[in-house]
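Observations on the model geometry
Residues per chain, in single letters:
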Amino acid sequence: MTPCPCGSEKDYSTCCEPLIMGNQKAETAEALMRARYSAYVKEDVAFILQTTHPSQRDQYTENGIRRWARNSEWLGLTIIGTENGTAADDRGTVEFVAEYFEKGRRNRHHEIAQFRREEDGWYFYDGQAPTPQTVVRNAPKVGRNDPCPCGSGKKYKKCCGA
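This section reports on the structure supplied with the text. Not measured: the values here are computed from a predicted model.

The rules we used
Residues numbered from 1 in each chain as written. Predicted model: local features only at pLDDT ≥ 70, side-chain atom pairs only at ≥ 80, totals over all residues. Heavy atoms only, no water. Pairing = 2+ DSSP bridges. Helix = DSSP H or I, 4+ residues; strand = E, 2+ residues; numbered from the N terminus. Axes fitted to C-alpha atoms, helices over the stretch in contact; angles between N-to-C directions. Contact = heavy atoms within 4.5 Å. Core = buried A, V, L, I, M, F, W, Y, C linked by side-chain atoms within 4.5 Å. Buried < 20%, exposed > 50% of the residue type's maximum accessible area, 1.4 Å probe, protein only. Salt bridge = Lys/Arg side-chain N within 4 Å of Asp/Glu carboxyl O. Phe/Tyr/Trp six-rings, centres within 6.5 Å; stacked < 30°, edge-to-face > 60°.

**Quick word on the sheet that holds strand β1 (residues 72-84)**
- Spatial strand order, β1-β2-β3-β4: four strands in an open sheet with antiparallel pairing. Every interior strand has two partners, whereas the edge strands, β1 and β4 (121-128), have only one. Across the sheet, the mean angle from the axis of one strand to that of its neighbour is 30°, orientation sign disregarded.
- Pairing of strand β2 (residues 91-102) with strand β3 (residues 105-118), which is carried by twelve bridges, proceeds in the antiparallel orientation. When the sheet's bridge partners are listed, glutamate 95 is paired in β3 with isoleucine 112.
- In this fold helix α2 (residues 29-42) packs onto β1, β2, β3 and β4, with an angle of close to 170° to the strand it touches most, β1.

Laid out in structure tokens, this is it:
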């Protein structure tokens, strides 16, 4: 048994491989997203290009896809959420994080990917980075020379801030 790179905990031969090999079509946008990630891991450039919407293919090159796939050590895929993208929909959105090492550095590719379904199946259409969320502090900020909020009597920098 070879675990599928997409993180589904299924065997590769029953998960993403049938889609990548062209023996099966993705039933959902998420299934296509997972197969595209697995195709990057397996360096299957043809599948990545074939599953890109025809109107968007001119934005990608075989060499660019191959270079990113080959020069990266893929660490895992996390699906954060999906919106629509079922067999009954024509459009779907999948928010995901793909983690990888490239040039000795760990990276996180966080994207909200848009998919469209045509008569012959699902296609990746476009993607964008999620809008950064503003963090709102509920308590006052603790300065490094302030007393530690844990009640130890020490300065924050010498206690919990160390």
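**Looking at the pairing of β2**
- Alignment of β1 against β2, held across eleven bridges, turns out to be antiparallel. The partner of isoleucine 79 across the bridge, within β2, is phenylalanine 96.
- Linking β2 back to β3 in an antiparallel pair, the connection comprises two residues, with lysine 103 at a positive phi of about 55°.

**Things to note about the environment of valine 94**
- Considering the arrangement of structural elements, one finds valine 94 in strand β2.
- Sequence separation between valine 94 and aspartate 44 is 50 residues; the distance between their C-alpha atoms is 21 Å.
- When near neighbours in sequence (up to four residues on either side) are disregarded, valine 94 contacts Ala29, Glu30, Met33, Ile79, Gly81, Thr82, Glu111, Ile112, Ala113 and Phe115.

**A look at the nonpolar core**
- Membership of the largest hydrophobic core comes to 32 residues, with the highest contact counts inside it found for Cys16, Ile20, Phe47, Leu77, Phe96 and Phe115.
- Taken together, the elements giving at least two residues each to this core come down to α1 (17-20), α2, α3 (45-50), α4 (62-70), β1, β2, β3 and β4.
- Element by element, the count of residues in this core is highest for α2, at seven residues.
- Not counting chain neighbours up to four residues away, the residues in contact with isoleucine 20 comprise Tyr12, Ala35, Ser38, Ala39, Asp44 and Phe47.

**Comments concerning the pattern of salt bridges**
- Throughout the structure, instances matching the rule amount to five salt bridges.
- A salt bridge links glutamate 43 to arginine 70, with the shortest nitrogen-to-oxygen separation between them at 3.1 Å. Linking glutamate 43 in the loop between α2 and α3 with arginine 70 in helix α4, this pair joins segments that are 27 residues apart in sequence.
- Salt-bridge contacts for aspartate 90 lead to arginine 117; the nearest nitrogen and oxygen are separated by 3.3 Å.

**Some details on the packing of aromatic side chains**
- One pass over the full model with this rule turns up eight aromatic pairs.
- Judged by centre distance (5.6 Å) and plane angle (85°), the ring pair of tryptophan 68 and tyrosine 100 falls under edge-to-face. One end of the pair, tryptophan 68, is in helix α4; the other, tyrosine 100, is in strand β2, and 32 residues separate them in sequence.
- Exposure remark for tryptophan 68: the relative accessible area of 25% places this residue in the partly exposed category.
- On the basis of an interplanar angle of 40° and a centroid distance of 5.1 Å, the ring pair of tryptophan 74 and tyrosine 100 is categorised as tilted. You can see tryptophan 74 sitting in strand β1 and its partner tyrosine 100 sitting in strand β2, a full 26 residues away along the chain. The pair tryptophan 74 / tyrosine 100 is uniform in exposure class, with both members buried.

These results come straight from atomic positions and should not be treated as a statement about function.
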